[in-house]
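Structural overview
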Amino acid sequence: MKKFDFHFIFLILPAILPATSVSAKELPFPIIKAGELFQAERSKVNNYAVRQEIKTEATDRSTGKTEIEKRRQKGFFRNPGKFVFIVEEKKINGIKQDVYGNLEKSSKVFIDWLSKEGLLQYSFLEMESNNEISKFRVTPPASKDKFSKGELWIDKNTFKIKRVIQEPSVLKKGIKSQRLELFFEENYEFQEPSFSRLTATVRKDNSETEIKVEAEFSDYKFNIEFPPGLFK
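Starting from 1, residues in each chain are numbered consecutively following that chain's sequence as written. At least 70 in pLDDT is required for a residue's local features to be given in this predicted model, at least 80 for side-chain atom pairs to be given and counted, and no such filter applies to totals for whole chains, interfaces and linings, which use all residues. Note that the side-chain values use all heavy atoms of the structure and ignore hydrogens as well as water.

1. Points about the overall build of the protein
Scanning the protein for helices and strands turns up three helices and 12 strands. Residue burial in the protein is summarised as follows: out of 232 residues, 47% are buried. Any two residues whose heavy atoms approach within 4.5 Å are treated as being in contact. Counted over contacts in the protein with a minimum sequence separation of 6, partners at least 24 positions apart contribute 52%. Strands here mean DSSP runs of E at least two residues long; helices mean DSSP runs of H or I at least four residues long; both are numbered from the N terminus. Three labels apply to residues, based on accessible area from a 1.4 Å probe with only protein chains included: buried if under 20% of the type maximum, exposed if over 50%, partly exposed otherwise in between.

Written out as structure tokens, the structure is:
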């Protein structure tokens, strides 16, 4: 099996980032309140650090062989959308890897659904509701690279995000499918996911690879001093 470039995963992971004040025009009430709450929180967040435990499975469809990477890393976010990851430990198929030069960078991919810009451009259709959660189907105004589609689940009592299901409106070259789920199961100081699951199918050099990435997030620390030169 060809060695899979796991760094590719961190280039296709979208992010949910800061929101701003919203307009009530033609928006469902829970979406308005969720946007206002998220905006109020994000106005207080300049940066954060988080610990990440990540498991990546890459399966070659033609051979059925699977490579499994497990990594432990520290993630750093700086407003308005810059990420740096410092890999502390990495294993591929159980074999420990050298993590020398272990700094990786990424940035925000999609327009945020709950930002002022997002709320004005996206459509939110309530598809299901019970006493606890309202589920909305989210659709973009047009098929453009920077847009996404999917579902947004909102807690009806607190107006906090419970889950995000997100797919790109337009797939990048070489990607046949891509789906990201973000779970907001823990009550952190600010709304951030505690778990994520990414599934994708990638085609390269006449072969297809199925990818599954599961990540656990913990030990969030907000508004801290970063190591000098981290984002240079």
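2. Considering the pattern of salt bridges
Just to be clear on terms, a salt bridge is a Lys or Arg side-chain nitrogen sitting within 4 Å of an Asp or Glu carboxyl oxygen. Under the defined criterion, the tally for this structure stands at 18 salt bridges. Residue Glu-192 pairs with Arg-42 through a salt bridge whose shortest N-O separation is 2.3 Å. Taken together, the residues span a long stretch of sequence, with Glu-192 in the loop between strand E10 (175-183) and strand E11 (195-204) and Arg-42 in helix H2 (residues 29-42) at a distance of 150 residues. For the pair shown, Glu-192 and Arg-42 are each scored as buried. Note that Arg-197 is salt-bridged to Glu-181, the shortest N-O span being 3.4 Å. Remark: Glu-181 occurs in strand E10 and Arg-197 occurs in strand E11; sequence separation between them is 16 residues. A residue is classified by how much of its surface remains accessible, and Arg-197, at 26% relative accessible area, is partly exposed.

3. A word on the pairing of strand E3 (residues 82-92)
Strands are treated as partners if at least two bridges between them are detected by DSSP. Relative to E3, strand E2 (residues 66-78) runs antiparallel, the two sharing 10 bridges. Paired with Gln-73 across the two strands is Val-87, which belongs to E3. The antiparallel hairpin formed by E2 and E3 contains three residues in its connecting segment, where Gly-81 sits at a positive phi of about 155 degrees. Pairing geometry for E3 and strand E5 (residues 103-107), over five bridges, is antiparallel.

4. Describing unusual backbone geometry
Note the cis peptide between Asn-79 and Pro-80, where omega equals 15 degrees. Within the secondary structure, Pro-80 is located in the loop between E2 and E3. The phi torsion at Asn-206 lies on the positive side, around 65 degrees, for a residue other than glycine. Note on placement: Asn-206 falls in the loop between E11 and strand E12 (207-222). Although it is not a glycine, Asp-219 sits at a positive phi angle of roughly 55 degrees.

5. As for the packing of aromatic side chains
Centres within 6.5 Å make a pair out of two Phe, Tyr or Trp rings, where for Trp the six-membered ring is used; the pair is then stacked when the planes are under 30 degrees apart, edge-to-face when over 60, and tilted otherwise. Summed over the entire model, instances satisfying the criterion amount to 14 aromatic pairs. Between Tyr-48 and Phe-77, the aromatic rings sit 5.0 Å apart at their centres with planes inclined by 35 degrees, giving tilted as the arrangement. With Tyr-48 in strand E1 (residues 47-60) and Phe-77 in strand E2, this pair connects stretches of sequence that are 29 residues apart. The same class applies to Tyr-48 and to Phe-77, which are both buried. Clustering of aromatic rings is evident, with ring pairs tying together Tyr-48, Phe-77, Phe-83, Phe-85, Tyr-188, Phe-190, Tyr-220 and Phe-222. In this scheme, the term charge over a ring applies when either NZ of a lysine or CZ of an arginine sits within 6 Å of the ring centre and within 35 degrees of the ring normal. The positively charged end of Lys-135 is found above the aromatic ring belonging to Trp-153, 4.0 Å away from the centroid.

6. With respect to the side chain of Gln-73
Note that Gln-73 resides in strand E2. Definition of a polar contact: a pair of N or O atoms within 3.5 Å, with one able to donate and the other able to accept a hydrogen when the atoms are protein atoms, and with sequence-neighbouring residues admitted only if both atoms are side-chain atoms. At 2.6 Å, the side chain of Gln-73 forms a polar contact with the side chain of Gln-52. Separated by 2.9 Å, the side chains of Gln-73 and Arg-71 make a polar contact.

7. Looking at the confidence of the model for the protein
Each residue gets a pLDDT score, which is the predictor's confidence in that residue and runs from 0 to 100. In the predicted model, the protein carries a mean pLDDT of 87, and 88% of its residues have values of at least 70. Per-element confidence in the protein is highest for E1, whose mean pLDDT is 97, and lowest for helix H1 (residues 9-12), whose mean pLDDT is 46. Note that pLDDT drops below 50 for residues 8-24; the model gives that stretch 67 contacts with residues more than four away or on any other chain.

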